[in-house]
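# Topology and contacts: notes
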Amino acid sequence: MYDDRNFKGRGMRENKNNNRNYQEKTIVEKVPIILDNDNYVEQAEKVILSLIKKNGEDGILTTSQIRKLLSMLSDMYTKVKHTRSDKLDREALIRIQYFKLHTIYEAGRENGEKSTPVKDFIEEAQLIEQIDNIKSDKNKLILFCHYMEALVAYRKYHGGRDE
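Residues numbered from 1 in each chain as written. Predicted model: local features only at pLDDT ≥ 70, side-chain atom pairs only at ≥ 80, totals over all residues. Heavy atoms only, no water.

## Focus on the packing of aromatic side chains
Enumeration according to the criterion identifies two aromatic pairs in this entry. Their ring planes at 70° and their centres at 6.0 Å tell us that Phe 99 and Phe 144 sit as a pair that is edge-to-face. Here Phe 99, found in helix α3 (residues 90–108), pairs with Phe 144, found in helix α6 (residues 138–157); they are 45 residues apart in sequence, far enough to count as distant. Of the two residues, Phe 99 and Phe 144, neither departs from the other in class, the shared state being buried. Aromatic side chains Tyr 154 and Tyr 157 sit 6.4 Å apart centroid to centroid with 90° between the ring planes, which places their arrangement in the edge-to-face category. You can see Tyr 154 and its partner Tyr 157 sitting in helix α6, three residues apart, about one turn around the helix. The class for Tyr 157 is exposed, based on a relative accessible area of 64%. (Phe/Tyr/Trp six-rings, centres within 6.5 Å; stacked < 30°, edge-to-face > 60°. Helix = DSSP H or I, 4+ residues; strand = E, 2+ residues; numbered from the N terminus. Buried < 20%, exposed > 50% of the residue type's maximum accessible area, 1.4 Å probe, protein only.)

Right, dumping it as structure tokens:
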């Protein structure tokens, strides 16, 4: 993955418009976040603290922005929690894909903006990777919902502002 904000150090060279104006890009490898019932709270706090460190208190998404994403999950969580099967049904799988689409859309709305707090959050929390990891496993969906709740909680705890 490229980190366009950091052009220092070694990296790949990019030739823009076939001229001699080269910019170096550093390839940033993210360590995958592996969630389980014992670490999702700790992982959520690390994500929020990392975002605050990189972007400052005012440079990360508002509590309202993160709650908007969480609200899409709450109804799904309630329905899935009360099913007996460990496999998700077709309706749940469709809703998960819609949530993924909506998450990507929210990140894309910021294209061209100087600050991209929602996109930064989605990337730092590895939400797309976490959604893809659910597949058809009910327990992974429940764990993902708990992870999102923990992200909201830590954003609020660490000075989350509402808008």
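## Focus: the nonpolar core
With 40 residues, the main nonpolar core has Phe 121, Leu 127, Leu 141, Phe 144, Tyr 147, Met 148 and Leu 151 as its most contacted residues. For this core, the leading source of residues is α6, giving eleven residues. Apart from residues no more than four positions distant in its own chain, Tyr 147 is found in contact with Ile 33, Leu 35, Tyr 40, Gln 43, Ala 44, Val 47, Ala 125, Leu 127 and Gln 130. (Core = buried A, V, L, I, M, F, W, Y, C linked by side-chain atoms within 4.5 Å. Contact = heavy atoms within 4.5 Å.)

## Focus on α6
Its 20 residues give α6 an end-to-end C-alpha distance of 29 Å, which sits within 8% of 28 Å, the value for a rise of 1.5 Å per residue. Most of α6 is tucked away: 14 of the 20 residues are buried. Here α6 starts with a cap whose side-chain oxygen sits 2.8 Å from the backbone nitrogen of Asn 139, and that cap is Asp 137. Two residues or fewer past α6, Gly 159 is found with a positive phi of approximately 85°. (Expected span 1.5 Å × (residues − 1). Polar contact = N/O pair within 3.5 Å; in protein donor to acceptor, adjacent residues only side chain to side chain.)

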